[in-house]
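# Coordinates in review
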Amino acid sequence: MSNSVIQVIDGFLANIGRTVLALFESIGQLVIFAALAVSHIFRPPFYLGSFGRQLMHIGFFSLPVVGLTALFTGGALALQIYSGGARFSAEAVVPSVVAIAMVRELGPVLGGLMVAGRVSASIAAELGTMRVTEQIDALTTLSTNPMKYLVAPRLLAATLVMPILVFIGDTIGIMGGFLVGTNRLGFNGATYLQNTWNFLEADDIISGLIKAAVFGFIVALLGCYNGYHSGRGAMGVGRATTNAVVSASVLILASNYILTEMFF
Amino acid sequence: MISIKNLHKSFGDNVVLSGVNVHVSAGHSLVVIGGSGTGKSVLLKCILGLITPDSGTIEVNGINPNSGNREAFLDQFGMLFQGGALFDSLPVWQNVSFRLLQGKHRLSKDDARDIAVEKLRRVGLKASVADQLPAELSGGMQKRVGLARAIAAEPEIIFFDEPTTGLDPIMSGVINELVREIVVEMGATAITITHDMSSVRAIADEVAMIHEGVVQWTGPIGNIDSSGDPYLDQFINARPHGPIESVR
C-alpha cells in the first residue's frame, strides 16, 4: 500500500477517534453537571422563590400547549383505532386503547417533547444570555452559587411538575377520544367512560407518570447544561438553544424506550 | 493586599498570561492597562477564581481564592462588570441589594431596599429608579447601578472592568469621579481595567501595563509620562507606530 493511502486511512481513523473521544467527553461533562446540580437540590441554601417561579413557568404556562397536543392526539387516536379495529370487527376497543396509549405512551412522550420545545429552549436561551452578558459571573462574585440559584430550582421544578402536567394531559387526551368517539363514531358516552375506566390499570398510570418525571428532568437538565455552557454572542446562544431542544428530544425518545422496556 | 506571582494562563494554543506579577497594597488603586486581548479581564477572573490559572500563585489578604470557604472569600469583593451584568429579571433595587438579600446574614427586604436606595443616591440616581428594570435604563445609568451594586455590601476590594467603555465623555468623567470618590471614601483596595487614559489619570495610584502576557511596566501614576518605556509611551500617547504592533 502506498504512503498516501495509509495517510488517508490514518486520517480517517483519527477523525473517528476524535469524534468518539469528543462524544465521551461531552457525556462525561453532562453527567458531572447533572450530579453536581442534583447535589445542590439537597444542600442549603434553598431558593424557594426561584423554585416557585419555575413551577409556574415550566408547569402552569406549559398547560395550554400540552393540553391542546393531548386533546388533538386523543381525537386522532380514536379515529385511527376505530379505522384499524374495524378490520377485525374490534371497534369496541377504541376507549380502552385510547386510554392505555395516552397514559402509557403518548401523554408522557408528546407532553415531554412539547415541553422540551418550549422549556428547554427558554432555559437555554435565558442561561445562555446570562452567560454571554456575564450575569452568571456576576452571581458568583455576589457570593451566590449559580448552580444552586439557577440550575437546581429549574431541575427540581421540572421533575416535580412534569407528572402533574402529563396527568392533566392524559385526562384531556382521553377526553379528546371521548368527544370524537361519542360525536363522530357513535359510541354511547356512559359505555365509553365505563370501558376506559375498566381497562385502565394503576400500573399504566404510574409508569406514565414516572416517565414524565424522567422527561422533566431531561428537559431541564439539557436546557440548563447547554445554556450554562453557551458560546459567545448571539450565535453561541442560538446554538445552545438548538442543542438543548434537539438533545432533550432525542434523549426523551431514547429514555422512553428504555423505560418502556423496564415497565414491559 | 493582593499578591500575584508568576501567573500563567492559556486557552488552547493561545497564551494569554505568561508570568504576570502584580502587587496591590491595601487601600491602593491599581489601574491595569494594555491592548485588547492582552489578558486584563482574565487576570481579574483568575483573582476571583472564575477562571483557574495554569500555574502561579494568587493571594488575597494571604488567602488563595480556591482554598477554603469560597463564599467568605468572595464576600470581600465587589465588581463592576464591563456591560453592567445586571440581572434582567430583577428591579434595580434588588440588583443593588442582591448580596444583602442572600446568605446567613441576609437583611429584611425593607432594610435591603433602604440601603439600595441610599447607594443609588450615592451614585447620583434618584430613588424612583429603584423600581425600574435594568432594560429601562440608559447605558450610563446601568453602569451607575452596577457601581451601586459593587459597593452595596461595602467590600474591602473592588474591581472595575472597563467602567467607562461605551459612555460619552461627560458620563465617563462622572463615572471616573465616582469611582475615585468611592475608593477613597471606603478605603477600599481597587483594581481597574481600562483603555481610557482619562480614567487612568483619574482613578490610579499605581499603573501596570500588560503586554504579551507579562507586566511590561508598573509604577506610580506620577511616573507614567516619564517612564522611558517605549511600549507605555506608545500606548498612553495613542501612537499607531511603535513597538506594539497595531495589527494583532
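All residue numbers here refer to positions counted from 1 along the written sequence of the relevant chain. The lettering of chains begins at A and the numbering of ligands begins at 1, in the order of writing. The predicted nature of this model means local features are confined to residues of pLDDT at least 70 and side-chain atom pairs, given and counted, to a pLDDT of 80 or more, with totals for whole chains, interfaces and linings taken over all residues. Excluding hydrogens and water, the side-chain values take into account all heavy atoms of the structure.

### A few points about the domain arrangement of chain A
All names here are of chain A.
- For chain A, the assigned domains are domain 1 (1-43) and domain 2 (47-263).
- For every domain, the bounds stem from an assignment made automatically or drawn from a database. Here the C-alpha centre of domain 2 lies 30 Å away from the C-alpha centre of domain 1.
- Contacts are residue-level and defined by heavy atoms, with any inter-residue pair within 4.5 Å sufficient. Listed as interface residues are 11 residues of domain 1 and, on the opposing side, 14 residues of domain 2.
- Summed over both partners, the interface of domain 1 with domain 2 comes to about 1100 Å²; 83% of that surface belongs to carbon and sulfur atoms.
- Buried area: the accessible surface (1.4 Å probe) lost by two parts on joining, summed over both. Among the residues domain 1 hides against domain 2, the three largest losses belong to Leu30, Phe33 and His40. Together they make up 55% of the total.
- Counted as salt bridges are all cases of a side-chain nitrogen of Lys or Arg within 4 Å of a carboxyl oxygen of Asp or Glu. Remark: the boundary between domain 1 and domain 2 carries 0 salt bridges.
- Here a polar contact is taken to be a pair of N or O atoms separated by no more than 3.5 Å, where protein atoms must pair a possible hydrogen donor with a possible acceptor and residues adjacent in sequence count only if both atoms sit in side chains. Put simply, domain 1 and domain 2 have 3 residue pairs in polar contact (both at pLDDT 80 or more) between them.
- The residue inventory of the side of domain 1 that touches domain 2, partitioned by class, reads 7 nonpolar, 3 polar and 1 charged. Residue polarity is assigned by list, with Asp, Glu, Lys and Arg as charged and Ala, Val, Leu, Ile, Met, Phe, Trp, Tyr, Cys and Pro as nonpolar; anything else, Gly included, falls into the polar class.

### Thoughts on the side chain of Arg154 of chain A
All names here are of chain A.
- The numbering of helices and of strands both runs from the N terminus, where a helix is a DSSP run of H or I of at least 4 residues and a strand a run of E of at least 2. Mapped onto the secondary structure, Arg154 falls in helix α6 (residues 146-183).
- The exposure class assigned to Arg154 is buried, which follows from its relative accessible area of 3%.
- In contact with Arg154, other than residues within four places in its own chain, are Gln54, Ile58, Ile123, Glu126, Leu127, Ala220 and Cys224. In this scheme, a residue with accessible area under 20% of its type's maximum is buried, one over 50% is exposed, and one in between is partly exposed, where area comes from a 1.4 Å probe on protein chains only.

### Points about helix α8 (residues 202-228) of chain A
- Expected span of a helix, by definition, is 1.5 Å for each gap between consecutive residues, and there is one gap fewer than residues. Its 27 residues give α8 of chain A an end-to-end C-alpha distance of 39 Å, which sits within 8% of 39 Å, the value for a rise of 1.5 Å per residue.
- With 19 of its 27 residues buried, α8 of chain A lies for the most part within the structure.

### Remarks on the interface of chain A and chain B
- Each side of the interface is counted separately: chain A has 14 residues, and chain B has 21 residues.
- Summing both sides of the interface, chain A and chain B together bury roughly 1500 Å²; the carbon and sulfur share of this comes to 60%.
- The tally of links between chain A and chain B comes to 2 salt bridges.
- As a salt-bridge pair, Asp137 of chain A and Lys45 of chain B come within 3.3 Å of each other at their nearest N and O atoms.
- Joining chain A to chain B, the criterion identifies 6 residue pairs in polar contact (both at pLDDT 80 or more).
- A total of 6 residues in the side of chain A that touches chain B trace back to one element, the largest contributor, which is helix α5 (residues 135-141) of chain A.
- Taken together, the residues of the side of chain A that touches chain B sort by class into 6 nonpolar, 6 polar and 2 charged.

### Side note on the packing of aromatic side chains
- Only Phe, Tyr and Trp rings are paired, with Trp represented by its six-membered ring, and only when their centres lie within 6.5 Å; those with planes under 30 degrees apart are stacked, over 60 edge-to-face, the remainder tilted. Per the counting criterion, the structure on display carries 11 aromatic pairs over all chains.
- Ring plane angle 80° and centroid distance 6.4 Å describe the contact between Tyr82 of chain A and Phe187 of chain A, whose orientation is recorded as edge-to-face. With Tyr82 of chain A in helix α3 (residues 63-86) and Phe187 of chain A in the loop between α6 and α7 (189-199), this pair connects stretches of sequence that are 105 residues apart.
- Taking relative accessible area as the criterion, Tyr82 of chain A reaches 28% and is therefore assigned partly exposed.
- Among the aromatic residues, those joined into a cluster by ring pairs are Tyr47 and Tyr149 of chain A together with Phe87 and Phe98 of chain B.
- Geometrically, a charge over a ring is one whose NZ (Lys) or CZ (Arg) sits within 6 Å of the ring centre while staying within 35 degrees of the ring normal. Here the basic side chain of Arg131 of chain A rests over the ring of Tyr228 of chain A, its NZ or CZ set 4.9 Å away from the ring centre.

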